[in-house]
Amino acid sequence: MSTFVIGVGRRSAGNDGVGPRVIDWLRKRTLPQGTALHVVREPSELLAFEAAQRLIVVDAVVGAPAPGQVVVLAAEALESMRAPAQGSHGISLSDALALGRRLQGAAFPNASVVGIGIGAPPKTPSVELDEDVAAAIETAGRAVLRLLSYT
């Protein structure tokens, strides 16, 4: 089984770069065979992974949950939340997953999202994470490991 764990965001985008930092944390762990780690800058790039048997997306979430809080959702749940679970990307994660389903039919049949609350989108460029967001990296990484253990 091919499982892709993908961190969305840019490390140079402050809190919005928490997804790639969780991938960095996971690279230091032993993962199940067939698991590949990737980083993409924008949710639209997820369409390149539409053939994956399993997809786990790690991304910053604006608005809800609270900054530093980690949530795990099935992709369909994120799609139904649309407004509160938006990122600061050009296309939201929920829209990218929904677009993949419409364009590819069976795209992302087994997708999960590990979201880290970041509060408001970053207004100024920064590479630093807020303390509560940085503290959530391990929690989010462990959530991914739990999802991988159910493969």
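Residues numbered from 1 in each chain as written. Predicted model: local features only at pLDDT ≥ 70, side-chain atom pairs only at ≥ 80, totals over all residues. Heavy atoms only, no water.

1. Details of the overall build of the protein
Link 1 in the chain: Counting its secondary structure elements, the protein contains four helices and six strands.
Link 2 in the chain: Written out in order from the N terminus, the α and β elements of the protein read β-α-β-β-β-α-β-α-β-α.
Link 3 in the chain: Across the 151 residues in the protein, those meeting the buried criterion constitute 47%.
Link 4 in the chain: Across the protein, the fraction of contacts at a sequence separation of at least 24, relative to all contacts at a separation of at least 6, is 77%.
Link 5 in the chain: When the accessible surface of the protein is totalled, it reaches about 7,000 Å², and 53% of it is carbon and sulfur. (Helix = DSSP H or I, 4+ residues; strand = E, 2+ residues; numbered from the N terminus. Buried < 20%, exposed > 50% of the residue type's maximum accessible area, 1.4 Å probe, protein only. Contact = heavy atoms within 4.5 Å. Areas by Shrake-Rupley, 256 points an atom, 1.4 Å probe, with all protein chains shown as cover.)

2. Regarding the packing of helix α1 (residues 18–27) against helix α4 (residues 131–149)
Link 1 in the chain: Their axes nearest at 9 Å, the elements α1 and α4 cross at an angle of 60°. When the axes of α1 and α4 are compared, the pair comes out oblique. Note that α1 runs across α4; the crossing there is right-handed. Between α1, through V18, R21, V22, W25 and L26, and α4, the contact on the second element is made entirely by V133, I137, E138, A140, G141, R142, V144 and L145.
Link 2 in the chain: Here the contact of α1 with α4 is built from residues that sort into nine nonpolar, one polar and three charged. (Axes fitted to C-alpha atoms, helices over the stretch in contact; angles between N-to-C directions. Parallel < 35°, antiparallel > 145°, perpendicular 65-115°, else oblique. Left-handed = near helix turned anticlockwise from the far one by under 90°. Nonpolar A, V, L, I, M, F, W, Y, C, P; charged D, E, K, R; others polar.)

3. A short note on the environment of V58
Link 1 in the chain: Inspection of the secondary structure puts V58 in strand β3 (residues 54–63).
Link 2 in the chain: Separated by 14 residues in the primary sequence, V58 and V72 have C-alpha atoms spaced 9.3 Å apart.
Link 3 in the chain: The residues touching V58, leaving out its near neighbours within four places in the chain, are V5, I6, G7, V8, G19, V22, V114, I116 and V144.

4. Some details on the pattern of salt bridges
Link 1 in the chain: Across all of its chains, the model carries three salt bridges by this definition.
Link 2 in the chain: The residue E42 makes a salt bridge to R10 at a minimum N-O spacing of 3.4 Å. With a gap of 32 residues between them, E42 in the loop between β2 (35–40) and β3 and R10 in the loop between β1 (3–8) and α1 connect regions that are remote in the sequence.
Link 3 in the chain: Across the pair R11 and D24 runs a salt bridge, and its minimum N-O distance is 2.7 Å. One end of the pair, R11, is in the loop between β1 and α1; the other, D24, is in helix α1, and 13 residues separate them in sequence.
Link 4 in the chain: Accessibility expressed as a relative area gives 36% for R11, which makes it partly exposed. (Salt bridge = Lys/Arg side-chain N within 4 Å of Asp/Glu carboxyl O.)

5. Side note on the environment of G7
Link 1 in the chain: Within the secondary structure, G7 is located in strand β1.
Link 2 in the chain: Here G7 falls in the buried class, since its relative accessible area comes to 0%.
Link 3 in the chain: In sequence terms G7 and D59 are 52 residues apart; their C-alpha atoms lie 6.0 Å from each other.
Link 4 in the chain: If we skip the residues at most four places from it in the chain, G7 touches G19, P20, I23, H38, V39, V40 and V58.

6. Looking at the environment of Q69
Link 1 in the chain: Structurally, the position occupied by Q69 is in the loop between β3 and β4 (70–74).
Link 2 in the chain: Counting along the chain gives 67 residues from Q69 to A136, while the straight-line C-alpha distance between them is 6.8 Å.
Link 3 in the chain: Non-local contacts of Q69, meaning those with residues more than four positions away in its chain, are made with G115, I116 and G117.

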